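Listed here are the chains, written in short residue letters.
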Amino acid sequence: MNSSLPMLNRVDPYRTQILTSTDMPQFISEVDATCDMVKGQREREILERIRKLAERCAEAASLELHLQGD
């Protein structure tokens, strides 16, 4: 991924990245910033769903958000 946002820039499309509840404030912030930049409604809807998952993860320390690569 080519992003100026530090956490999203570290996402590798070929590897899985696991984020914990402590990662969520920054992750949510970067998802919001990305949502503000996208123009397509479909992309915006996907980012909104990801944000909702991130919010759930932020609320429960036992949850993780897995970003699955190929």
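Please read all numbers here as calculations on a predicted model, not as lab measurements.

About the thresholds
- Residues numbered from 1 in each chain as written.
- Predicted model: local features only at pLDDT ≥ 70, side-chain atom pairs only at ≥ 80, totals over all residues.
- Heavy atoms only, no water.
- Helix = DSSP H or I, 4+ residues; strand = E, 2+ residues; numbered from the N terminus.
- Contact = heavy atoms within 4.5 Å.
- Core = buried A, V, L, I, M, F, W, Y, C linked by side-chain atoms within 4.5 Å.
- Buried < 20%, exposed > 50% of the residue type's maximum accessible area, 1.4 Å probe, protein only.
- Axes fitted to C-alpha atoms, helices over the stretch in contact; angles between N-to-C directions.
- Parallel < 35°, antiparallel > 145°, perpendicular 65-115°, else oblique.
- Left-handed = near helix turned anticlockwise from the far one by under 90°.
- Nonpolar A, V, L, I, M, F, W, Y, C, P; charged D, E, K, R; others polar.

Visitor: Explain the overall build of the protein here, please?
Guide: The number of helices and strands found in the protein is 3 helices and 2 strands. Scanning the protein from its N terminus toward the C terminus, one meets helices and strands in the order α-β-α-α-β. Counting only contacts in the protein whose residues sit at least 6 apart along the sequence, the fraction spanning at least 24 positions is 54%.

Visitor: Teacher, can you tell me more about the nonpolar core here?
Guide: Inside soluble globular proteins, nonpolar side chains tend to come together where they are buried. Within the largest apolar cluster, 14 residues are counted, with the highest numbers of intra-cluster contacts made by Leu 8, Leu 19, Met 24, Phe 27, Ala 54 and Leu 65. At the level of elements, α1 (6–9), α2 (24–37) and α3 (41–59) are the ones that each hand at least two residues to this core.

Visitor: Looking at this structure, how should I read the packing of α2 against α3?
Guide: What describes two packed helices is the angle between their axes and the distance between those same axes. Across the interface, α2 lies against α3 with an axial gap of 10 Å and an inter-helix angle of 165°. With respect to their mutual orientation, α2 and α3 come out roughly antiparallel. Every pair of crossing elements has a handedness; the one defined by α2 and α3 is left-handed. Contacts from Met 24, Phe 27, Ile 28, Val 31, Asp 32, Thr 34 and Cys 35 of α2 reach α3 at Arg 44, Leu 47, Ile 50, Arg 51, Ala 54, Glu 55, Cys 57 and Ala 58. Per-class residue counts for the contact of α2 with α3 are 10 nonpolar, 1 polar and 4 charged.

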